[in-house]
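The lines below spell out each chain.
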Amino acid sequence: MKKIDLHSHTLISDGTLTPNDLVERAKAKGVEMLAITDHDTVDAYEQLSPASYDGLKIIPGVELSTQWRGVGVHVVGLNLSLDSASIKEGVARQEKARADRAQIIAKRLTKLVGPIDFNRVSEIANHSQIGRPHFAQHLVELGVVKNTSTAFKKYLGDGKPGDVKQCWAELPNIIDWIVKAGGVAVLAHPLKYKMTWTKRSALLDDFIAAGGRGMEVVSGQQTKQETDRLARLCVEKGLLASCGSDFHQSSQWSDIGAMSAFPTVCKPIWLDW
Ligand code: AMP
Ligand code: MN
Ligand code: MN
Ligand code: MN
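These remarks concern the structure in this document. (Residues numbered from 1 in each chain as written. Chains lettered and ligands numbered in written order. Predicted model: local features only at pLDDT ≥ 70, side-chain atom pairs only at ≥ 80, totals over all residues. Heavy atoms only, no water.)

Details of the layout of surface pockets
Its boundaries defined by the atoms lining it, the second largest pocket holds a volume of some 160 Å³. Tallied by class, residues from the lining of the second largest pocket come to 8 nonpolar, 2 polar and 2 charged. (1 Å grid on protein atoms, 1.4 Å probe; cavity = no way out; pocket = protein on both sides within 12 Å on 5 of 7 lines; lining within 4 Å. Points joined across faces, edges and corners; volume = space filled by probe spheres on them. Nonpolar A, V, L, I, M, F, W, Y, C, P; charged D, E, K, R; others polar.)

Considering the sheet that holds strand β1 (residues 4–5)
Reading across the sheet, the 3 strands line up as β1-β2-β3 and stay open at both edges, with parallel pairing between neighbours. A single partner strand is all that each edge strand has here, and the edge strands are β1 and β3 (57–58). Direction of pairing for strand β2 (residues 33–34) relative to β3: parallel, over a ladder of 2 bridges. Note on β3: the bridge partner recorded for Leu34 is Ile58. (Pairing = 2+ DSSP bridges. Helix = DSSP H or I, 4+ residues; strand = E, 2+ residues; numbered from the N terminus.)

Focus: the coordination of the manganese ion (ligand 4)
Looking at the metal site, the manganese ion (ligand 4) is ligated by His7 (NE2), His9 (NE2), Glu63 (OE) and Asp246 (OD), spaced 2.1 to 2.2 Å from it. Positions of the donor residues of the manganese ion (ligand 4) along the chain correspond to the pattern H-x1-H-x53-E-x182-D. Between the two metals, the manganese ion (ligand 4) and the manganese ion (ligand 2), the spacing is 4.7 Å. In this pair, His9 is assigned in the loop between β1 and α1 (19–28) and Asp246 in the segment after β8 (240–244), connecting sequence segments 237 residues apart. (Donors = N, O, S within 2.8 Å, 3.2 Å for Na, K, Ca; no water.)

A look at the coordination of the manganese ion (ligand 2)
The coordination sphere of the manganese ion (ligand 2), as far as protein atoms go, consists of Asp14 (OD), His39 (NE2) and His248 (NE2), spread over 2.1 to 2.2 Å. Read in sequence order, the donor residues coordinating the manganese ion (ligand 2) give the pattern D-x24-H-x208-H.

Some points on unusual backbone geometry
Of note, Arg69 is a non-glycine position whose phi angle comes to about 45°, a positive value. We note that Asp246 has phi near 60°; this positive angle belongs to a residue other than glycine.

Description of the sheet that holds strand β6 (residues 184–187)
Across the sheet, which stays open at both edges, the 5 strands sit in the order β4-β5-β6-β7-β8 with mixed pairing between neighbours. Of all strands in the sheet, those bounded by a partner on one side alone are β4 (61–68) and β8. Mean inter-strand twist for the sheet, computed between neighbouring axes without regard to direction, equals 40°. Two strands pair when backbone bridges link them, and strand β7 (residues 214–219) and β8 are joined in this way by 5 bridges, in the parallel orientation. What sits directly across from Glu216, in β8, is Ser242. Where helix α8 (residues 197–209) meets the sheet, its contacts fall on β4, β5 (71–78), β6 and β7, and the angle it forms with β6 comes to roughly 170°. (Axes fitted to C-alpha atoms, helices over the stretch in contact; angles between N-to-C directions. Contact = heavy atoms within 4.5 Å.)

So, the site of ligand 1
Residues in contact with ligand 1 amount to 10 residues; listed here are only the nearest, His39, Arg98, Arg101, Arg132 and His248. Asp14 has a polar side-chain atom sitting 3.0 Å from an oxygen atom of ligand 1. One of the side-chain nitrogen or oxygen atoms of Arg98 is found 2.9 Å away from an oxygen atom of ligand 1. Out of a free accessible area of 500 Å², ligand 1 has 76% covered by protein chains. Looking at the shell around ligand 1, its residues break down into 3 nonpolar, 3 polar and 4 charged. (Near = heavy atom within 4 Å. Polar contact = N/O pair within 3.5 Å; in protein donor to acceptor, adjacent residues only side chain to side chain. Areas by Shrake-Rupley, 256 points an atom, 1.4 Å probe, with all protein chains shown as cover.)

Considering the pattern of salt bridges
Counting across every chain of the model gives 13 salt bridges. For the salt bridge of Asp163 with Lys165, the shortest nitrogen-to-oxygen distance reads 2.7 Å. The class for Lys165 is buried, based on a relative accessible area of 13%. Several salt bridges converge on common partners, so that one network encompasses Arg25, Lys29 and Asp255. (Salt bridge = Lys/Arg side-chain N within 4 Å of Asp/Glu carboxyl O. Buried < 20%, exposed > 50% of the residue type's maximum accessible area, 1.4 Å probe, protein only.)

Here's what the structure looks like:
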């Protein structure tokens, strides 16, 4: 089976590699099809030098943030036309939301732990999109927490003061942008949301009703049991299946192209790409 990775990040969002370095790493790992899916931005594609593609098919993508019933949810848009007005407008709206949100997060953290150096946070974010991982790194630097995982546990994770999500566009809107840009909307990493399987099924029903067509059945490292359960859900809902490492950096996250086996019962989303 071809090595496919349809979920990855660069330093334009919260990854560590430049777009070209990410492509080089993917090639070195034998990946044949890659989507760069930065959080709420498609700027990575402007930096890619076409010469670096050879042997590797690039599928234009994005990972959009939203919330559903109070849970932060991510939707990956794949095979988009990056020139389309809908995705340009959508991403611009999310980028503005992310910038405003960063100010809110900084204020909330300041109340809790003392002054936050916003310029430093922006520097950590390479002066591009600011996300919670950049705040986490800053809290470590300040000596407030000993590592980023504690920063999420105490300040930035689900339901904590730094988990600001009311700024994002609604689920139907973000799916609409993707569909109007000629792409397919895929529910990202379904196991990452803290919810029961009943609720997860309801999320998928709403996602499908809004025009969503796929779900990540393989995401990063997961057990065979988890993959099998997601595969059954995918088939039951009549969705196409996607797979992606959600690669951010080589030390912490699953490596680019390194995923568990793709379940044969599922219909791959990339078949005609
Ligand atoms: P944001 O896009 O600003 O909402 O930040 C979300 C990102 O934070 C995710 O895409 C992950 O890269 C990262 N993240 C989420 N939870 C954790 C965690 N518990 N530990 C480390 N990183 C996390
Ligand atoms: Mn991330
Ligand atoms: Mn995500
Ligand atoms: Mn991701």
